[in-house]
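# Fold and geometry: a report
Each chain, written out:
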Amino acid sequence: MRVKHGAVLALFFGTVISLSGVAATAQAAVVTGGNALGGFSVVSSDFFTVAAEENKDDTTELFSKVEVPEGIAFANVTDALNVRSGPGTNYSRIGKLGKNAHCIIESVENGWAKITSGSVKGYCSTEYLIMGNEAVKLAESLGTLTATVNRGIVNLNVRSTPDTTADNIIAKVKGGESFKVVKEVVISKNDPEAKTFVQIEWNNDAEKNVEAYVSSEFVTVAYKYKEAVESSSYGDGVSQLRTNMIDFAMKYLGTPYVWGGNSLSRGVDCSGFVKQVFTQFGYGASMPRTSREMARTYSMISRSEAKAGDLVFYHNLRTGVVDHVAIYIGNGKIIHANNGVEISNVNYRTVYKYARVIWD
C-alpha cells in the first residue's frame, strides 16, 4: 500500500494514534483480520482524500489487528455436543454445538461449563470442549472473516461497485446479518467523499464471482465462528415429512459454498443444496437446477402460509433476476448455502417470493 503526503497513523484497539503520540481522526473503519504491516492499519484522513483524487484505476485495501474473544472454546465432537438447561445430563437439551462450533465460557464447575453461543445459553460438558490456550490457537483457523451489519440497521445497500452512485444497488440487507469478507476495507474509486467499503462475498447461482460492497460505516468486520443451533420445533402443523427434511438439511451446516456444486459433503451452491435435500425425499428428480428456474416452476404462497420445507426466493434489485433460494425452517428462519450452509433470518435480504413444493 502506498501512503501519500507522509501522513501515517496506527489504528489499534479502536483508537487512532499518530506516530508522534498525538490523537487524530481517520476515516478508516476498525476491522480485524489480516497480517499486513505487522497487524496494524496505516492510513489517515489525508490519505483518503488523495486516494479519491488519484486512485482512479484501482482500490486500496487496509488491514488491522486480529483479536480472539475472551473465554472462547470449541466443540471437540464428530457430530454435535448437547447444550442443556442446567449442569447435568438430567437437564433438558436446549441446543447443540456442531463439530468445531464455538462458545464463550462464563464459568466452569464440576465438569460443566456455563456457555453462550449465538442465541443459545446453557451448559456443556467440559469433556468435549477445547478450552484455554489451545482454543485461542485454533481460533484463527476455525474463524471466517465476516462483515456483520450493525444492529439497528433496517436496510443496508449492497452495491455492485464501491461508490454511492444510484444505479448500483443489488440488494438490501438487515442488521445482524453477516457475510464473508473478500477485502477488508476498500477505498472508493469514484466517490468524491472518499467513502470506504468492505467487499463481501455475494453468493448466488445466477452469476459467479459477483462483486458486492457495503459501506464500512455500517458494518463490523471480525472473525465469526460456527454457533450453536437451538432445539425447537419447526412450527405448528408441520408434517413428519417436512420435519425429517429439515433435520436432514441441518446435518450439513458448515458445508462449504461452491458455485455450481452439488455435493452435500464437499460443496454446494444455493440451488444445489436445495435440490440435493429434496432429492433425498423423492422430490428432486423433476426439480430444476437453478433458483431462477425453481421460482418459475413452483407456485407462490403468502408469507402467512409458509411452513418448514417451503422455499424462499431472493432477487437482484437492480436486474430483477432471481439469484438465490433457501429452505424455510419456520419461526422466521431459513437454511441455505450462503457463507457455506448456514441458518439466517428469512428477511436477511429482501424476499422475492415464497413457494411450495410439497403439498401435504
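Scoring rules and cut-offs
Residues take numbers from 1 onward in each chain, read along the sequence in its written order. It should be noted that, the model being predicted, local features are given only for residues of pLDDT at least 70 and side-chain atom pairs only at 80 or more, the latter also being counted only at that level, while totals for whole chains, interfaces and linings use all residues. Think of the side-chain values as coming from all heavy atoms in the structure, minus any hydrogens and water. Counting from the N terminus, the helices are DSSP H or I runs at least four residues long and the strands are E runs at least two residues long. Three exposure classes are used, based on accessible area relative to the maximum for each residue type with a 1.4 Å probe and protein chains only: buried under 20%, partly exposed in between, and exposed over 50%. Note on contacts: a residue pair is in contact if any heavy atoms of the two residues lie within 4.5 Å. The rule for a salt bridge is simple: a side-chain nitrogen of Lys or Arg has to be within 4 Å of a carboxyl oxygen of Asp or Glu. As used here, the term nonpolar core means buried Ala, Val, Leu, Ile, Met, Phe, Trp, Tyr and Cys residues forming a set that is joined through side-chain atoms within 4.5 Å. Strand pairing follows a simple DSSP-based rule, namely that at least 2 bridges must link the two strands. A fitted line through C-alpha atoms serves as each axis, taken over the contacting stretch for helices, and the angle formed by two N-to-C directions is quoted from 0 to 180°.

### Describing the overall build of the protein
Regarding its fold elements, the protein presents five helices and 26 strands. Within the protein, the fraction of its 360 residues that count as buried is 49%. For the protein, the share of sequence-separated contacts (at least 6 apart) that also reach a separation of at least 24 residues comes to 62%.

### Examining the pattern of salt bridges
All told, the structure shown has six salt bridges when counted by the stated rule. Its salt-bridge partner being Asp-269, residue Arg-289 comes within 3.0 Å of it at the nearest N-O pair. With Arg-289 in the loop between helix H4 (270-279) and helix H5 (291-297) and Asp-269 in the loop between strand E20 (267-268) and H4, this pair connects stretches of sequence that are 20 residues apart. Note on Arg-289: relative accessible area 24%, which makes it partly exposed. On the accessibility criterion, Asp-269 (3% relative accessible area) is buried.

### A word on helix H3 (residues 240-250)
Three or more residues of H3 are buried, namely Arg-242, Thr-243, Met-245, Ile-246, Phe-248, Ala-249 and Met-250. On its buried side, H3 packs onto strand E18 (229-230), H4, strand E23 (322-330), strand E24 (333-338), strand E25 (340-345) and strand E26 (351-356).

### Quick word on the nonpolar core
By size, the foremost hydrophobic cluster in this structure holds 34 residues, and its most contacted members are Val-158, Val-198, Ile-200, Trp-202, Val-219 and Ile-334. If you look at the next biggest cluster of nonpolar residues, it comprises 33 residues, including Val-277, Met-287, Ile-329 and Val-357.

### Things to note about H4
By the criterion of burial, H4 is predominantly enclosed, with eight of the ten residues buried. All of the buried residues in H4 are Cys-270, Ser-271, Gly-272, Phe-273, Val-274, Lys-275, Val-277 and Phe-278.

### Observations regarding the sheet that holds E25
Whether parallel or antiparallel, the strands of a sheet pair through hydrogen bonds between backbone atoms. Ordered in space as E21-E26-E22-E23-E24-E25, the six strands form an open sheet in which the pairing is antiparallel. Pairing within the sheet leaves two strands with one partner each, and these edge strands are strand E21 (299-301) and E25. Each adjacent strand pair in this sheet contributes to an overall mean axis angle of 40°, direction not counted. Here E23 runs beside E24; their pairing, made up of three bridges, is antiparallel. Looking at the pairing, Tyr-328 lines up with Ile-334 of E24. Packing of H3 onto the sheet brings it into contact with E23, E24, E25 and E26, and relative to E23 it is tilted by some 115°. The strands that H4 touches are strand E22 (311-315), E23, E24 and E25; relative to E23, the one it contacts most, it runs at about 45°.

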